[in-house]
Amino acid sequence: MKLIYPAIFKPFSDGSGGFVVEFPDLPGCVTEGNTLEKAIEMGIDAASGWILGELEDGKVLPKASEYSDFTVHGKEMVNMLLLDINSYAEMYGDKAVRKNLTIPAWLNTFAEKNNINFSKLLQDTLLAMASASAGQKLE
């Protein structure tokens, strides 16, 4: 899922070249960067984390404002930032969800006799598969 949200970039008051980044549609989502490049990077990270938290909590995401809805002052800028929530969630999502599974009774007996933790086994296997898949994408 890709989302676009507006960010307001406000230059540091000391003139050092850095920016504070605020997201009017994402209450409390504020970050900064020492350069414009770093501010954009940090803005994407902060907003993606904010969105992922809302999704993990089952909340409805706020509608993004239009670029034209903002008036900036002085050297402030408005920029629309693209958030790739699926990629962000693959890297940083950690909320546990409960899943039910069905296996043959004989396999359940085997696992119990051998003290196999189903959750750990499934997580380890899926993490290994996800890592292998990510490695293939990079090649």
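Further up the page is the structure itself.
Reading the values: rules and limits
- Residues numbered from 1 in each chain as written.
- Predicted model: local features only at pLDDT ≥ 70, side-chain atom pairs only at ≥ 80, totals over all residues.
- Heavy atoms only, no water.
- Helix = DSSP H or I, 4+ residues; strand = E, 2+ residues; numbered from the N terminus.
- Buried < 20%, exposed > 50% of the residue type's maximum accessible area, 1.4 Å probe, protein only.
- Core = buried A, V, L, I, M, F, W, Y, C linked by side-chain atoms within 4.5 Å.
- Contact = heavy atoms within 4.5 Å.
- Patch = residues over 30% accessible without salt bridge, like charges linked within 9 Å, V, L, I, M, F, W, Y side chains within 5 Å.
- Areas by Shrake-Rupley, 256 points an atom, 1.4 Å probe, with all protein chains shown as cover.
- Salt bridge = Lys/Arg side-chain N within 4 Å of Asp/Glu carboxyl O.
- Pairing = 2+ DSSP bridges.
- Axes fitted to C-alpha atoms, helices over the stretch in contact; angles between N-to-C directions.

A. Structural view of unusual backbone geometry. The backbone phi angle of N115 is positive, close to 50°, even though this residue is not glycine. On the secondary structure map, N115 appears in the loop between α3 (105–113) and α4 (118–138). Take N115: its relative accessible area is 69%, and that puts it in the exposed class.

B. Main features of the nonpolar core. Counting residues in each nonpolar core, the largest one holds 16 residues, and the members touching the most others are Y5, F9, F23, L26 and I51. Of all the elements in the fold, those that place two or more residues in this core are β1 (2–11), β2 (19–22), α1 (36–56) and β4 (77–84). Not counting residues up to four positions away in its chain, the partners in contact with F23 are Y5, P6, A7, C29, G43, A47 and L81.

C. A look at a nonpolar patch on the surface. On the surface, W106, L107, F110, I116 and L121 cluster together into a nonpolar patch covering about 500 Å² of accessible area. A per-element tally of the nonpolar patch places α3 first, with three residues. Relative to the elements of secondary structure, L107 occurs in helix α3. Residue L107 is classed as partly exposed on the basis of its relative accessible area of 31%.

D. Spotlight on the sheet that holds β4. Strand order in this open sheet of four strands is β3-β2-β1-β4, and the pairing throughout is antiparallel. What marks the edges here is a single partner per strand, and that holds for β3 (30–33) and β4. Mean inter-strand twist for the sheet, computed between neighbouring axes without regard to direction, equals 35°. With eight bridges joining them, β1 and β4 adopt antiparallel strand pairing.

E. Spatial organisation of the pattern of salt bridges. Under the defined criterion, the tally for this structure stands at three salt bridges. The residue E41 makes a salt bridge to K38 at a minimum N-O spacing of 3.3 Å. Within this pair, E41 and its partner K38 are both found in helix α1, separated by three residues, close to a single helical turn. E41 gets classed as partly exposed once you look at its relative accessible area, which sits at 45%. The partly exposed category is assigned to K38, whose relative accessible area is 35%. A salt bridge links D124 to K120, with the nearest nitrogen and oxygen atoms 2.8 Å apart. Of this pair, D124 and K120 both sit in helix α4, four residues apart, which is roughly one turn of that helix. Judged by relative accessible area, D124 falls into the partly exposed class, the value being 39%. For K120, a relative accessible area of 47% gives the class partly exposed.

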